[in-house]
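Spelled out from the first residue to the last, the chains are:
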Amino acid sequence: MVPTAEKSALVGLNTAQRDAVLASEGPVLIFAGAGSGKTKCLTHRLAYLVREKKAKLGEILLVTFTNKAAQEMARRVLQLLGYPLTNWERHPSLVMRRYLPWVGTFHSICVRILRAEAESIGLKRNFTIFDSDDSLSLIRQIIKELNIDPKQYQPPSIAAVISGAKNELLSPDGFARYVSGHFQELALQVYRQYQRRLIEASALDFDDLIFVTVKALEDNPKIRQKYQQLFRYVMVDEYQDTNNAQYRLTTLLIDRKAPNLCVVGDDFQSIYGWRGANFNNILNFKHDFPAAQIFKLEQNYRSTKTILEGAAFVIGPVRRKAAKKLWTENEIGPPITVYEASNGYSEADFIVSEIRSLRALGYSWSDFAVLYRTNAQSRVLEEIFLAEGLPYRLVGAVRFYERREVKDMLAFLRYLQNPADQLSLTRIANVPPRGIGPRTISTGGPKLVAFLAEIEALRRRTAGQTPLQLLESIIKAVNYQKYIDDGTPEGESRVENVEELLNLAGEFDNLEQFLEHVALVSDVDNYDRGADAVTLMTLHSSKGLEFTAVFIAGLEEGLLPHLRALEEENEMDEERRLCYVGMTRAKKRLYLTLARSRILHGGFTATVPSRFIREIDESLLDWV
DNA sequence: AGAAGATAGCTTTTT
DNA sequence: GCTATCTTCT
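Everything numeric in this text was worked out from a predicted model, so none of it was measured.

Definitions and cut-offs
Residues numbered from 1 in each chain as written. Chains lettered and ligands numbered in written order. Predicted model: local features only at pLDDT ≥ 70, side-chain atom pairs only at ≥ 80, totals over all residues. Heavy atoms only, no water. Helix = DSSP H or I, 4+ residues; strand = E, 2+ residues; numbered from the N terminus. Buried < 20%, exposed > 50% of the residue type's maximum accessible area, 1.4 Å probe, protein only. Patch = residues over 30% accessible without salt bridge, like charges linked within 9 Å, V, L, I, M, F, W, Y side chains within 5 Å. Areas by Shrake-Rupley, 256 points an atom, 1.4 Å probe, with all protein chains shown as cover. Salt bridge = Lys/Arg side-chain N within 4 Å of Asp/Glu carboxyl O. Lys, Arg positive; Asp, Glu negative; His and termini not counted. Charge placed at Lys NZ, Arg CZ, Asp CG, Glu CD. Polar contact = N/O pair within 3.5 Å; in protein donor to acceptor, adjacent residues only side chain to side chain. Contact = heavy atoms within 4.5 Å. Expected span 1.5 Å × (residues − 1). Axes fitted to C-alpha atoms, helices over the stretch in contact; angles between N-to-C directions. Left-handed = near helix turned anticlockwise from the far one by under 90°. Nonpolar A, V, L, I, M, F, W, Y, C, P; charged D, E, K, R; others polar. Phe/Tyr/Trp six-rings, centres within 6.5 Å; stacked < 30°, edge-to-face > 60°.

Peer 1: Talk me through unusual backbone geometry; I want residue IDs and the actual numbers.
Peer 2: Following L560, the chain continues into P561 via a peptide bond in cis, with omega recorded as 10°. In this structure, P561 sits in the loop between β13 (547-552) and α27 (569-583). Here K54, not a glycine, exhibits a phi torsion of approximately 55°, which is positive. Take K54: its relative accessible area is 61%, and that puts it in the exposed class. Look at E238: it is not a glycine, yet its phi comes out positive at around 50°. Checked against the element boundaries, E238 lands in the loop between β6 (233-236) and α13 (244-253).

Peer 1: Go over a negative patch on the surface, please, and point to the residues and values.
Peer 2: Taken together, the side chains of D485, E492, E496 and E499 make up a negatively charged region of the molecular surface. Here D485 is to be found in the loop between α24 (480-484) and α25 (489-505). Residue class for D485 comes out partly exposed when judged on its relative accessible area of 38%.

Peer 1: An account of the side chain of R115 is needed here, citing residue identities and associated values.
Peer 2: You can see R115 is positioned in helix α6 (residues 106-117). Within the structure, the side chain of R115 is placed 2.7 Å from the backbone oxygen of R125, a separation counted as a polar contact. In contact with R115, not counting residues within four places along its chain, are R125, N126, F127, E512 and E516.

Peer 1: Break down helix α19 (residues 404-417) for me, with residues and values.
Peer 2: The terminal C-alpha atoms of α19 lie 20 Å apart, and with 14 residues this matches the ideal 20 Å at 1.5 Å per residue to within 8%. For α19, the tally of buried residues reaches 13 of 14 residues, placing the bulk of the element in the interior.

Peer 1: How would you explain the packing of helix α4 (residues 67-80) against helix α5 (residues 92-99) if you had to name every residue and give the values?
Peer 2: Each pair of packed helices can be described by the angle between their axes along with the distance between the axes. Interaxial distance between α4 and α5 falls to 10 Å at its minimum, and their mutual angle equals 65°. By crossing handedness, the relation of α4 to α5 is classed as left-handed. The segment α4 lies against α5, with A70, Q71, A74 and L78 engaging P92, S93, V95, M96 and Y99. Grouping the amino acids of the contact of α4 with α5 by side-chain chemistry returns 7 nonpolar, 2 polar and no charged.

Peer 1: Let's hear about the packing of aromatic side chains: which residues, and what values?
Peer 2: Within the structure shown, the criterion is met by 17 aromatic pairs. Judged by centre distance (4.9 Å) and plane angle (65°), the rings of Y83 and Y99 are edge-to-face. In this pair, Y83 is assigned in the loop between α4 and α5 and Y99 in helix α5, connecting sequence segments 16 residues apart. What makes Y99 partly exposed here is its relative accessible area of 22%. The interplanar angle of 25° and the centroid separation of 5.6 Å between the aromatic rings of Y363 and F368 together place this pair among those described as stacked. Each member of the pair, Y363 as well as F368, carries the same accessibility label: buried. Through a chain of ring-to-ring contacts, three or more aromatic side chains come together here, namely Y339, F350, F551 and Y591.

Peer 1: Could you give me a rundown of the environment of Q154, with the residues and numbers involved?
Peer 2: Summarising the element assignment, Q154 is placed in the loop between α7 (132-145) and α8 (155-167). Sequence separation between Q154 and I294 is 140 residues, and the spatial gap between their C-alpha atoms is 44 Å.

Peer 1: A description of helix α17 (residues 344-360) should follow, citing residues and the corresponding values.
Peer 2: Relative to the 24 Å expected for 17 residues at 1.5 Å per residue, α17 spans 25 Å between its end C-alpha atoms, a close match to the ideal helical length. Buried within α17 we find G344, S346, E347, A348, F350, I351, V352, I355 and L358. On its buried face, α17 sits against β9 (336-343), β10 (368-372), α18 (378-388), β12 (534-538), β13 and β14 (586-600). With a side-chain oxygen positioned 2.8 Å from the backbone nitrogen of Y345, the residue opening α17 is N343. Immediately downstream of α17, the backbone of G362 shows phi near 110°, a positive value.

Peer 1: Just give me the short version of the pattern of salt bridges, but keep the residues and values in it.
Peer 2: Tallied over the entire structure, the rule returns 36 salt bridges. Put simply, E117 and K226 hold a salt bridge, and the shortest N to O gap is 2.7 Å. In this pair, E117 sits in helix α6 while K226 sits in helix α12 (residues 221-230), placing the two residues 109 residues apart along the sequence. Look at the salt bridges and you will find they share partners, linking K38, D237, E238, D241 and K543 into a network.

Listed below in structure tokens is the structure:
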């Protein structure tokens, strides 16, 4: 068949995976079910493009959903192609930048394009990236200035409206055409002011990174052609999670005459509808690209037959979905364990004791994950784990980059890099306290002038320093250590966090890259380091991961499925998919637990077992 | 200006 | 039950 490729790109692939790898030209859709070897297929495909189609690594665009996925793909591709990975452990981002510059998330790829094209699109090269927190602070500020009552019109809802508009590629003027009702009128006012302030600050928020890139490509044929010619092959992973702006971006980056576009995904695992993801992108692919070849990876290598069958019952009622069915050659395995606890604490007790007994059978701590719908559920679990002395790792609850001391340090760096960033200035002006309150800032009192002079001197003094040196200079200049280390355990943890930030900074030799990294990297991205421990995280965070034994806690009506989904069919479908994602993380054992009463708003409330349990065929369940 | 205390308001998920 | 925000006091 393809003799030269035999020894490299096709080894160890099943028929469907192999067909998908060999279909290198034209539009291609790969439905990749949970545990079906998607990453393997994608990385082999990339290696095949390089080896057999003579594509250069720099000509392949591969978009992933998280930075972690990007790193993992990059590592495996380089391995397949026989690159030395000696530097990988210490500097993965450096190695990636060098060999695989176009493997990353939509956001990181857009930043790369925007920095390269900044001048020709009227953007400052040193623009700041606002994370959701920054956006929200700015929106709060604007709401106050516009004398809108933040109780009646909550900043997060207004932020959601603005984000939604940007996901639909609507500028304030574009959005104005669709506005109806008082709330949207106000949101539009805020949106206008918000955009003005972002521009003043030379800042882009997350949504702008996509939006502005799309605009740049739309409005500048030269730029568009440049990238269309550069990218011989484009691949998009987790295609079911793309939003409309990302869809538009994708179509702008491919050459319509030779659309070597390969999208990979699974509509069953579409769980980000709430933030604009549109799984119709994957369902309509054949319509958008009539020449598309479609492949389905349906053999699952991860789970037992029982787990897959159970998951099929939960996903079954979803109305809009592509026809496909996972199967496996794996063993039938034990039934799915269901446990009805009387309350949240005994639910946690059960999980702990079950983990203990399995551990006695030879499992290690890291074989276990406890998944839940809402972060609030982690508290009780954590409490019991702590009391029982089980090692655990909490993913996502208190994000590293959202810690005050970390944000302070980053705000200093951001302000040094971009003096127009008033939001960062507001943050650092009084850190540590130096008598500059909100009043002084708005009136520009002498203390503020002195502070600005001090920072300006610091900026000059530290020109050309590495991120690590810069941080050290700042800490010294403002005596930050003394400020955070108050002798309490909290102070100690603050010091540790700053030290961790210093360690991270040491991996970068340029401030721009460092700030870009911290702006775009999430907690899930760097969760895997650390000791042998049980993983606690939300169902959302678990996507893409696998564990020998998985507990899904809180299978109660109103929690999973969540309260907000009970009324609305589309949202209920998303809850199903979310539960499905959680169940298909399990390799050998799956537990579904619930509490008959749970503390809500401070008081115990009786609960009703989740419909998802009732829907699974009894023969697959073992009630204990 | 800043810190302590009181209160309200909220709880889905996050690149 | 928690926290983020507001109020009051120093």
